[in-house]
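A look at the structure
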Amino acid sequence: MKSKSLEEIKKDHSSSELYTENDITANIWPLGLELFQLWDELRKGRLACSRQDLSPVQMKSQLPLIVLHDVTGEERRLKVRVMGTEFANTIGFDATGRFVDEIPDSDRLLDRCNWSVCNCQPLLSKGVQLTYSHRRYKVYDSLLLPLVDDKNTVNMLLTYSNFH
């Protein structure tokens with residue numbers, strides 16, 4: 001997995017805003033803030049929390065718009081493990097079981113995801129153009145939260161989106 005620098009990603013996302021950990025709480029929507037604060041609390045001083053730390057009950061309000069990715073293989077490709085039903089309905093397809101790099105028009109999404117995974121840092125994107133959906137939504141916000149294994153290696157990426 002190769003990651004662009006945050007500056008390069010910002011240039012490619014000139015019509016949207018990107019925020020890293022210190023600026024997320026001041027710029028996120030309410031349910032996103034709840035999830036970010038839960039993730040932050042559960043990491044307990046670690047770089048990130050693990051999948052085992054999270055319970056679906058704790059994320060009940062967010063579940064319909066969550067996507068959980070596995071980070072797989074030596075290349076550290078992202079594979080969609082779970083996609084919330086509202087997320088799938090909004091974009092017009094269910095990508096469960098697919099690699100993100102095989103989804104059309106996913107280059108900018110993949111850049112943001114790779115950055116979050118490679119740097120083990122959360123990333124908030126606001127006002128991202130939705131190019132892969134024929135639904136009424138044209139823009140979305142997305143919170144990326146890395147999850148680690150017992151060796152503090154990112155092995156999953158949790159995303160939560162807000163379409164508008």
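Heads up: the structure comes first, above all this text.
A brief structural summary. Here the structure is a predicted model, which means the values were calculated and not measured. (Residues numbered from 1 in each chain as written. Predicted model: local features only at pLDDT ≥ 70, side-chain atom pairs only at ≥ 80, totals over all residues. Heavy atoms only, no water.)

This part covers the overall build of the chain. What the chain contains, in helices and strands, is 5 helices and 6 strands. Starting at the N terminus and ending at the C terminus, the chain contains elements arranged as α-β-α-α-β-β-α-α-β-β-β. By the compact-globule yardstick of 15 Å for 164 residues, the chain fits well, its C-alpha radius of gyration being 14 Å. When the backbone C-alpha atoms are referred to their principal axes, the chain occupies close to 40 × 35 × 30 Å. (Helix = DSSP H or I, 4+ residues; strand = E, 2+ residues; numbered from the N terminus. Rg over C-alpha atoms; globule rule 2.2 N^0.38 Å.)

The subject of this paragraph is the environment of Gly84. One can find Gly84 in the loop between strand S3 (77-83) and helix H4 (85-91). The sequence separation of Gly84 and Thr25 amounts to 59 residues, and the corresponding C-alpha distance is 23 Å. The contacts of Gly84, once residues within four sequence positions are left out, are Leu63, Pro64 and Ile66. (Contact = heavy atoms within 4.5 Å.)

A separate point is the pairing of strand S4 (residues 123-129). Taken across its 7 residues, S4 has 5 buried, putting it largely inside the fold. Bridging between strand S1 (residues 17-20) and S4 involves 4 bridges; their strand directions are antiparallel. Bridging from a neighbouring strand, Leu18 pairs with Ser125 of S4. (Buried < 20%, exposed > 50% of the residue type's maximum accessible area, 1.4 Å probe, protein only. Pairing = 2+ DSSP bridges.)

If you look at the biggest cluster of nonpolar residues, it comprises 52 residues, and the most contacted ones within it are Leu35, Leu54, Leu78, Met83, Leu147 and Leu158. In contact with Leu54, other than residues within four places in its own chain, are Leu38, Leu42, Cys49, Met59, Leu147 and Leu158. (Core = buried A, V, L, I, M, F, W, Y, C linked by side-chain atoms within 4.5 Å.)

This part is about helix H5 (residues 107-119). The terminal C-alpha atoms of H5 lie 18 Å apart, and with 13 residues this matches the ideal 18 Å at 1.5 Å per residue to within 8%. Of the residues making up H5, those classed as buried are Leu109, Leu110, Asp111, Arg112, Cys113, Asn114, Trp115, Ser116 and Val117. Two residues or fewer after H5 comes Cys120, characterised by a positive phi angle close to 50°. (Expected span 1.5 Å × (residues − 1).)

A full pass over the atoms with the stated rule returns 4 aromatic pairs. Here the aromatic residues Phe87, Tyr140 and Phe163 are joined through ring pairs into a cluster of three or more. Across the ring face of Phe99, the terminal group of Arg77 is positioned such that the distance to the ring centre comes to 3.7 Å. (Phe/Tyr/Trp six-rings, centres within 6.5 Å; stacked < 30°, edge-to-face > 60°. Lys NZ or Arg CZ within 6 Å of the ring centre and 35° of its normal.)

Turning our attention to the sheet that holds S1. Across the sheet, which stays open at both edges, the 6 strands sit in the order S1-S4-S5-S6-S2-S3 with antiparallel pairing between neighbours. In this open sheet, the two edge strands, each paired with only one partner strand, are S1 and S3. With direction set aside, neighbouring strand axes in the sheet form an average angle of 25°. In the packing of helix H3 (residues 30-43) onto the sheet, the strands contacted are strand S2 (66-72), strand S5 (139-148) and strand S6 (154-163), and the crossing angle to S5 comes to about 10°. (Axes fitted to C-alpha atoms, helices over the stretch in contact; angles between N-to-C directions.)

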